[in-house]
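# Descriptive analysis of the structure
Now for the letters of each chain:
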Protein chains: 2
Amino acid sequence: MAEFDRESILLAVSAVRQRFGDRADSGAALCRQHANTITWLENQPPDVVVFAESTADVVETMRIAADHRAPVIAFGAGSSLEGHVNAPYGGISLDLSRMDRVIAVHSGDLDATVEAGATRVGLNSFLRDQGLFFPVDPGAEHATLGGMAATRASGTNAVRYGTMRENVMAVTAVLANGEVVTTSRRARKSAAGYDLTRLLVGSEGTLGIITELTVRLYGIPECVIAAVAPFQTLSGATEATMLAIQTGLGLARVELLDPLQIWAVNLHAHLGLAERPTLFIEFHGSATGAPEQAAAFRDIAMDHGALGFEMADREEDRRRLWKARHDAYWATRSAWPGKMTLATDVCVPISRLAECIAETEADIARLGLVSPIVGHVGDGNFHATPVIDPDNPSERAAVEDFLKRLADRAIAMDGTCTGEHGIGQGKRGYLAAEVGSAGVAMMRAVKAALDPAGILNPGKIF
Amino acid sequence: MAEFDRESILLAVSAVRQRFGDRADSGAALCRQHANTITWLENQPPDVVVFAESTADVVETMRIAADHRAPVIAFGAGSSLEGHVNAPYGGISLDLSRMDRVIAVHSGDLDATVEAGATRVGLNSFLRDQGLFFPVDPGAEHATLGGMAATRASGTNAVRYGTMRENVMAVTAVLANGEVVTTSRRARKSAAGYDLTRLLVGSEGTLGIITELTVRLYGIPECVIAAVAPFQTLSGATEATMLAIQTGLGLARVELLDPLQIWAVNLHAHLGLAERPTLFIEFHGSATGAPEQAAAFRDIAMDHGALGFEMADREEDRRRLWKARHDAYWATRSAWPGKMTLATDVCVPISRLAECIAETEADIARLGLVSPIVGHVGDGNFHATPVIDPDNPSERAAVEDFLKRLADRAIAMDGTCTGEHGIGQGKRGYLAAEVGSAGVAMMRAVKAALDPAGILNPGKIF
């Protein structure tokens, strides 16, 4: 790809500042905030931030950017974890957070159309009194739906409700050539040509800028039952989960905390949980169906080395049971104060999950790292969260080694280096191992076709 | 696109005949059978049929085709409905039906890897004693899984289990440049770059030839309950369905037969069903869960004008209850002997389904056509099946008018001109109305990037 020309980029910056007045701002602090601030990756700020208020604003920005070959990086909440919003070549950060309207809710069809800057919590507030909800719940509370679509986000209930891949029905996006495409209408299924929706979902802003999206909704379940079960062994926990899924128990959440994570939570929240691999489970269903599922899972769990099985259906009791899971991240931060917490994200077939976690724990021990583990067992996805001092070169080297071995391990087990967080900048090195050079070439060919000048979020994915 | 050169194509034909010996055959009858034989579209045979037995065979064929710029059209069972296997420019039909192995079943992970020529019935036979099944069940009984993936096929239980879009986890495909790509590994979810799987699924053989695929499996449900409910009005039936879905009742099948279809089935199978819009429903679940769902749906149905509600759980009783649904197509053939039956395939948001069917029935009456209707209500998808004498010019003109108005109507109602059958040749004219010129341009750009010479199934989709 040809290098960017700084002069041209600065001309584009002038042009957007002229066009958008006080909705375009080059202030240093604002620009830094519109780059990676969350992880240990560098902060690479844009040259200007444009606050879009409509698809037309995005089209105009794109035209200016295309005229000057200036990078355009979409920004929602900035909560992505692999440097997705960094501007390694400078350019224009296109902040879509003001485009936060819920445009339409079709309760009979169980879908809603929103602007890309709408947040999942905002949408769910809007929907609550209609008895509907949007299920995808990544860790970042204020993530925008557009950003979640762009990174193919997932959450704790993907095992039941799916990820953004399954829950985005259509997107409206502005392409590199300034054209606006709406990838689908509202039919529940379609065989009409290429799946443009799923081409853009997960494209991390490199094929188009999503300005609106239509998402699937679900009825809020009549009954929710939470359960907690510490297990003798991790493989007992994963086998119980596999059997439950095969039996069609329709688990809504199956989360794992490893013994070290439990220790941290006990410390932080003054709980006295057994330091064992522990599942936190949720069942959604009818007033009779959900308890039946929970009882069936309890039987399976007890057959697979569960050391206990506590259940609750009332909201305050459920919250108490799940406190350890909810507090996991903060517990890790406070158990090792002054350290930085990294989030990893591999995903393997569930039959390999226990083995993958065991090998990962062995690696953690061998490298002298400290890393609690949280997992979405129903999907085979887990997050080891090593805590390090990023200014200590040997800790940094050890964790970089760990990260590479972890990604390689997952790929070798027929999995992926990223279940949820995306490639961004951080995982570019693993793509070829995962999809082969032919797969990368195919992606590059699509990218070159849709963004020949390479202005859409350069330096990401490839 | 540049025209094909007949000389070059014939050189390619010679080359494959030389390379593959008696596995390449130019016999006229065989070639005609490897083109559209099912619908009223022309039969446009290839110049040669190559019987592939491995991915390597497909690679070699593709290389020969690329060297001579000869069209390559993949062939599975030839059961697609929009002329997908036609060879309008001649060329090579690549028959994958001998590649029918089940390569691996991972019961703990609920996935299986098969060769593209494996059929869904073959896979399900293989799986039955493991208590697993693959759910996507299009009308064509012997459809190959590769063909189903290429056309993004669906079936009667998509409302619960999804379509090929949701149930293909990965494909291995040979691209126009002869490279072999495997689009994903076996993780249940991935955020690793572009969704190449869903780019190829539904690409109708125009972006690559699928040679293997990994599909999702499900546990065979413990309990299946079938039900039949005639309704006072069609809108009562669709409203009951919408409410049931919102309540999370997890219906596995919700099929509709309209009064004319019921009349035909009564005639053919000597049943005495009320000539009313009638739902045929199936519930899948546990021994207590499925009956509970069925009872809940019965209550909803009775509140929405159901005139009866008959249920059965034993296999022979279920088959008896569903006989009308199973015999629908044959009943139509025998009720109007000597006529040709066309299958249409629109899909709209469920909230518009009753209205869409009502307008369609009015159109049928106005045009003096005869057309029973079968629908997958849970998806908003229905098939009007007009019966005509294709040699009668005025009937042919009337039905062509009907087809166009039907597709336009569905698109205007925020739906799609094809829920399941694909674009192929027959629906190319509707793509722009559905996804706009920007959407078509995006598809064309991707096609040009991945198949610049245009040899993969030319004349389809665009």
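Residues numbered from 1 in each chain as written. Chains lettered and ligands numbered in written order. Predicted model: local features only at pLDDT ≥ 70, side-chain atom pairs only at ≥ 80, totals over all residues. Heavy atoms only, no water.

All names here are of chain A. For Asn-266, the position within the fold is in helix α10 (residues 259-269). Look at Asn-266 and you get buried, because its relative accessible area is 12%. For Asn-266, the side chain forms a polar contact with the main-chain oxygen of Leu-273, separated by 2.8 Å. When neighbours within four sequence positions are excluded, Asn-266 is seen to be in contact with Leu-271, Gly-272, Leu-273 and Glu-275. (Helix = DSSP H or I, 4+ residues; strand = E, 2+ residues; numbered from the N terminus. Buried < 20%, exposed > 50% of the residue type's maximum accessible area, 1.4 Å probe, protein only. Polar contact = N/O pair within 3.5 Å; in protein donor to acceptor, adjacent residues only side chain to side chain. Contact = heavy atoms within 4.5 Å.)

Let us look at the interface of chain B and chain A. Residue-level contacts link 80 residues of chain B with 80 residues of chain A. Of the roughly 6,600 Å² buried between chain B and chain A on both sides combined, carbon and sulfur atoms contribute 58%. Our count for the contact surface shared by chain B and chain A stands at six salt bridges. The salt bridge involving Asp-414 of chain A is made with Arg-186 of chain B; its shortest N-O contact spans 2.9 Å. (Buried area = accessible area lost by both parts, 1.4 Å probe. Salt bridge = Lys/Arg side-chain N within 4 Å of Asp/Glu carboxyl O.)

Looking now at helix α9 (residues 234-246) of chain A. Residue and element names in this part refer to chain A. With 13 residues, α9 extends 19 Å between its outermost C-alpha atoms, agreeing within 8% with the 18 Å of an ideal straight helix rising 1.5 Å per residue. Looking at α9, one finds that the buried residues are Leu-234, Gly-236, Ala-237, Thr-238, Ala-240, Thr-241, Met-242 and Ala-244. Residues of α9 that are buried sit in contact with β13 (251-257), β14 (278-285), α11 (289-303) and α15 (353-366). Positive backbone phi, approximately 75°, marks Gly-248, located one or two places after α9. (Expected span 1.5 Å × (residues − 1).)

We now examine the environment of Ala-294 of chain B. All names here are of chain B. Counting through the fold element by element, Ala-294 comes out in helix α11 (residues 289-303). Spatially, the C-alpha atom of Ala-294 lies 8.1 Å from that of Met-311, the residues being 17 residues apart in sequence. Aside from chain neighbours lying at most four places away, what touches Ala-294 is Ile-225, Phe-283, Phe-309 and Met-311.

Structurally, Arg-409 of chain A is set in helix α16 (residues 393-412). With residues near it in sequence (within four places) discarded, Arg-409 of chain A still touches Cys-356, Glu-359, Thr-360 and Asp-363 of chain A.

Our focus in this paragraph is the sheet that holds strand β5 (residues 102-106) of chain B. Residues and elements named next belong to chain B. With respect to topology, five strands assemble into an open sheet ordered β5-β6-β10-β8-β9, the strand pairing being antiparallel. With one partner strand each, in any of the chains shown, β5 and β9 (180-182) form the two edges of the open sheet. Sheet twist, expressed as the average angle between the axes of neighbouring strands with direction ignored, equals 10°. Sheet topology places strand β8 (residues 168-174) next to β9; three bridges connect them, and they run antiparallel. Bridge assignment links Val-174 to a residue of β9, and that residue is Val-180. In this fold helix α3 (residues 55-68) packs onto β8, β9 and β10 (209-216), with an angle of close to 145° to the strand it touches most, β10. (Pairing = 2+ DSSP bridges. Axes fitted to C-alpha atoms, helices over the stretch in contact; angles between N-to-C directions.)

The subject of this paragraph is the domain arrangement of chain A. All names here are of chain A. Looking at chain A, the domain boundaries give domain 1 (102-219), domain 2 (223-331) and domain 3 (335-422). Computed from C-alpha atoms alone, the centre-to-centre distance between domain 1 and domain 2 is 29 Å. At the interface, six residues of domain 1 touch nine residues of domain 2. For domain 1, the biggest contributors to the area lost against domain 2 are Thr-156, Val-159 and Arg-160; these three give 75% of the whole. Between Asp-137 and Arg-253 there is a salt bridge; the shortest N-O distance is 2.8 Å. (Domains from an automatic or database assignment.)

By the definition in use, this model includes 64 salt bridges over all chains. With a closest N to O distance of 3.1 Å, Lys-189 of chain B and Asp-379 of chain A form a salt bridge. A residue pair is termed interchain when its members come from two chains, as with Lys-189 of chain B in the loop between β9 and α8 (196-200) and Asp-379 of chain A in the loop between β18 (373-376) and β19 (381-384). Residue Lys-189 of chain B shares its accessibility class with Asp-379 of chain A, and that shared class is buried. Members of the salt-bridge network, linked through shared partners, are Glu-359, Asp-363, Arg-366, Asp-401, Arg-405 and Arg-409 of chain A.

Core analysis: the biggest nonpolar cluster contains 96 residues, and Met-164 and Leu-213 of chain A together with Met-164 and Leu-213 of chain B have the highest contact counts within it. The residues contacting Leu-213 of chain A, other than those within four sequence positions of it, are Ala-112, Thr-113, Val-114, Glu-115, Ala-116, Leu-145, Gly-146, Ala-149, Met-164, Val-168, Ala-170 and Val-171 of chain A. (Core = buried A, V, L, I, M, F, W, Y, C linked by side-chain atoms within 4.5 Å.)

With that settled, consider the sheet that holds strand β4 (residues 92-95) of chain A. All names here are of chain A. Spatially, β1-β2-β4-β3 is the arrangement adopted by the four strands of the open sheet, whose pairing is mixed. A single partner strand is all that each edge strand has here, and the edge strands are β1 (24-25) and β3 (72-75). Sheet topology note: the strand β2 (residues 48-51)/β4 ladder contains four bridges and is parallel. Across the sheet, the residue bridging to Phe-51 is Asp-95, located in β4. Across the sheet, helix α1 (residues 6-20) touches β1, β2 and β4, and the angle it forms with β2 is around 35°. Contacts from helix α3 (residues 55-68) reach β2, β3 and β4 within the one sheet, and its direction differs from that of β4 by about 170°.

Taken as a whole, chain A shows an average pLDDT of 95; of its residues, 100% reach a score of 70 or greater. The complex prediction reports pTM at 0.96, with the ipTM value standing at 0.96. (pLDDT = per-residue confidence, 0-100.)

This paragraph deals with the packing of helix α9 (residues 234-246) of chain B against helix α15 (residues 353-366) of chain B. Residues and elements named next belong to chain B. It is at 8 Å that the axes of α9 and α15 come closest, and there the two elements cross at 155°. In terms of axis orientation, α9 runs roughly antiparallel to α15. Crossing hand, α9 versus α15: right-handed. Only Leu-353, Ala-354 and Ile-357 of α15 make contact with α9, whose side of the interface consists of Leu-234, Ser-235 and Thr-238. Across the contact of α9 with α15, the residue classes break down as four nonpolar, two polar and no charged. (Parallel < 35°, antiparallel > 145°, perpendicular 65-115°, else oblique. Left-handed = near helix turned anticlockwise from the far one by under 90°. Nonpolar A, V, L, I, M, F, W, Y, C, P; charged D, E, K, R; others polar.)

With that settled, the discussion passes to unusual backbone geometry. Residue and element names in this part refer to chain B. In this structure, His-270 is a non-glycine residue whose phi angle is positive, near 55°. Tracing the backbone shows His-270 in the loop between α10 (259-269) and β14 (278-285). Among the residues examined, His-270 registers a relative accessible area of 69% and is labelled exposed. In this structure, Asn-457 takes a positive phi of about 50° despite not being glycine.

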